[in-house]
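Spelled out from the first residue to the last, the chains are:
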Amino acid sequence: MHETSIAMGLLNSLEELARKEGAKRVLKVKVKIGKLSGIVIDSFVFAFNALKEQSPRLKDAELIVEEVPITYRCKECGHRFQTESVFFPECPKCGSANLELIRGEELEVVNAELEV
Amino acid sequence: MCDVCGCGQPENLFKVSDDTAKKNVEIKKSLLSKNEQVARHNKEHWDRDGVLVINLISSPGSGKTTLLERTIELLKKELKIGVLEGDIETERDAERVRRKGAAAVQLTTGGACHLEAPLVHKGYHALTKQMGGAPDILFIENVGNLVCPSSFYLGEDVRVVLISVPEGEDKPAKYPKAFKTSQAFVITKTDLLPYFDFNVEKVKNEALSLNPQLKIFTVSAKSGEGLEEWINFLKEKLKEKRKALQKV
Ligand SMILES: Nc1nc2c(ncn2[C@@H]2O[C@H](COP(=O)(O)OP(=O)(O)OP(=O)(O)O)[C@@H](O)[C@H]2O)c(=O)[nH]1
Ligand SMILES: [Mg+2]
Ligand SMILES: [Zn+2]
Ligand SMILES: [Zn+2]
Ligand SMILES: [Zn+2]
Ligand SMILES: [Zn+2]
């Protein structure tokens, strides 16, 4: 459900950006969403596309989502690995649970393409 | 930005490149940056006022308000308690905790299923006005929902996730984010354990495998079981926070 309010927040900041840049339209926007971010990508895209219709500057904006996998680094042996599981894993190489999450929590707007 | 106390910060995080008909703009900004900015501002208020802030997250009906009622009864002699009650519509929960002797402000989200930092900011200013000063502990009861509230940092010191015995054992696995982002986990309504298939040890282990740092409590607001550990935890956290604040 919070996908809607996050999509709304993104559209507001794009509107602000377009105004500041004197742009006619926003053509593309790219976001990164980690698998641990708690965002359901389909709901987010759905909300974005439904809400963008209200703004002439935003209604043609294409949303590009890069899904970021969960990646840990083992603090014992340095091994990096990806996992699908949301549970706290163990290092597949040395079995240590002393891990650092390095990717997967992203929730970020990367860039936007404007028509000026 | 902060129209209440007038300490706004500028917000110009966009960086521009290129100059043709199409223009690329690097943004590199969290999708939640507005919320996070205000949350940090909230934290500044709370650190300045020396308030310990607890954000309670659970499904509807897990027993957040009931636990608060008991907590207030047990703490109000020694500490000033303030409550921000998040609800989609009604004033009911704020009235319940006021009857127990806490100051409370109801935050109605008008449909949104979680609290965001700006509404909490407004609520805190209203609360300190009502109290004529700051509380020692501020409880924020989030809207009953185990999904969204965990994405919105409010500036709290301690996030607490609650599961009641009748909800079943599978909740940690189904709502990992709430468990990963919390510092404490309260299993509520333990007086009902004889009537439900709910293996406390199994649930604890599952929660710990999501978040090994989690502090876990088992309480019954009805029988009073486990309340003492919970209360001691709160007092300990308040002491820790005040001590840390003295150092800086
Ligand atoms: N048996 C038993 N029932 C409880 C306990 N704590 C709360 N309840 C009951 O559970 C129901 C819901 O409790 P609330 O405290 O209102 O739950 P809540 O989490 O604040 O609910 P929302 O604000 O609607 O999300 C009420 O009928 C309470 O009486 C408990 O320890 N044992
Ligand atoms: Mg309640
Ligand atoms: Zn929500
Ligand atoms: Zn390893
Ligand atoms: Zn303020
Ligand atoms: Zn301010």
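The numbers attached to residues start from 1 for each chain and follow its sequence in the written order. Chains and ligands are labelled by the order in which they are written, letters from A for the one and numbers from 1 for the other. Owing to the predicted nature of the model, reporting of local features is limited to residues with pLDDT of at least 70; listing and counting of side-chain atom pairs is limited to 80 or more, with chain, interface and lining totals taken over all residues. Note: side-chain values were computed over all heavy atoms of the structure, leaving out hydrogens and water.

1. Description of the pairing of strand 4 (residues 80–83) of chain A
A regular strand places its side chains so that they alternate between the two faces of the sheet.
Residue and element names in this part refer to chain A.
And step 1. Buried, partly exposed and exposed residues are distinguished by accessible area as a fraction of the type maximum, computed with a 1.4 Å probe on protein chains only: under 20%, between the cut-offs, and over 50%, respectively. Secondary structure elements are defined from DSSP: runs of H or I of at least 4 residues count as helices, runs of E of at least 2 residues count as strands, and each element is numbered from the N terminus. Only one face of strand 4 is covered, namely the face carrying F81 and T83; the face carrying R80 and Q82 is uncovered.
And step 2. Only when DSSP finds a minimum of two bridges between them are two strands counted as paired. Note that strand 3 (residues 70–74) and strand 4 share four bridges and pair antiparallel. Paired with Y72 across the two strands is F81, which belongs to strand 4.
And step 3. Turn length for the strand 3-strand 4 hairpin, with the two strands adjacent in sequence and antiparallel, is five residues, and the turn residue G78 shows positive phi of about 80 degrees.

2. A few points about the site of ligand 1
Residues and elements named next belong to chain B.
And step 1. Taken together, 17 residues form the shell around ligand 1, and within it K64, T65, T66, D191 and A221 come nearest.
And step 2. Throughout this description, a polar contact denotes any pair of N or O atoms lying within 3.5 Å of each other; where both atoms belong to protein, one of them has to be capable of donating a hydrogen while the other can accept it, and for residues adjacent in sequence the pair is counted only when both atoms sit in side chains. In the environment of ligand 1, a nitrogen atom lies 2.7 Å from a nitrogen or oxygen atom belonging to the side chain of D191.
And step 3. Under the convention used here, a 1.4 Å probe and the Shrake-Rupley method define accessible areas, while residue burial counts only the protein chains that appear. Relative to its unbound accessible surface of 660 Å², ligand 1 loses 71% to contact with the protein.
And step 4. At three residues, helix 2 (residues 64–75) tops the list of elements feeding residues into the shell around ligand 1.
And step 5. Here the residues of the shell around ligand 1 are counted per class, giving three nonpolar, seven polar and seven charged. Summary of the distance rule: residues count as near a molecule or strand when at least one heavy atom falls within 4 Å of that molecule or strand. Each residue is assigned to one of three groups, with Ala, Val, Leu, Ile, Met, Phe, Trp, Tyr, Cys and Pro labelled nonpolar, Asp, Glu, Lys and Arg labelled charged, and all others, Gly among them, labelled polar.

3. With respect to the layout of surface pockets
And step 1. Definitions used for this entry: grid spacing 1 Å over protein atoms alone; cavity, a set of points where a 1.4 Å probe fits but cannot get out; pocket, an open set with protein on both sides within 12 Å along at least 5 of 7 lines; lining residue, one with an atom within 4 Å of a point. Grid points are joined across faces, edges and corners, and a volume is the space filled by probe spheres set on the points. Taken as a whole, the largest pocket encloses approximately 580 Å³ of empty space.
And step 2. Taken together, 30 residues form the lining of the largest pocket, with L36 and E105 of chain A together with P176, K177 and K180 of chain B sitting closest to its centre.
And step 3. Residue assignment for the lining of the largest pocket shows that the elements contributing at least two residues are strand 5 (99–103) of chain A together with helix 6 (176–180) of chain B.
And step 4. Examining the composition of the lining of the largest pocket, we find that four residues originate from one element, helix 6 of chain B, more than from any other.
And step 5. As a volume, the second largest pocket reaches approximately 330 Å³.
And step 6. In terms of lining, the second largest pocket is formed by 20 residues, of which the most central are G9 and L10 of chain A together with L31, K34 and N35 of chain B.
And step 7. Elements with a minimum of two residues in the lining of the second largest pocket: helix 1 (2–21) of chain A together with strand 2 (22–30) and helix 1 (33–49) of chain B.
And step 8. In terms of residue count, the dominant contributor to the lining of the second largest pocket is helix 1 of chain A (seven residues).
And step 9. Partitioned by chemical class, the residues of the lining of the second largest pocket number nine nonpolar, seven polar and four charged.

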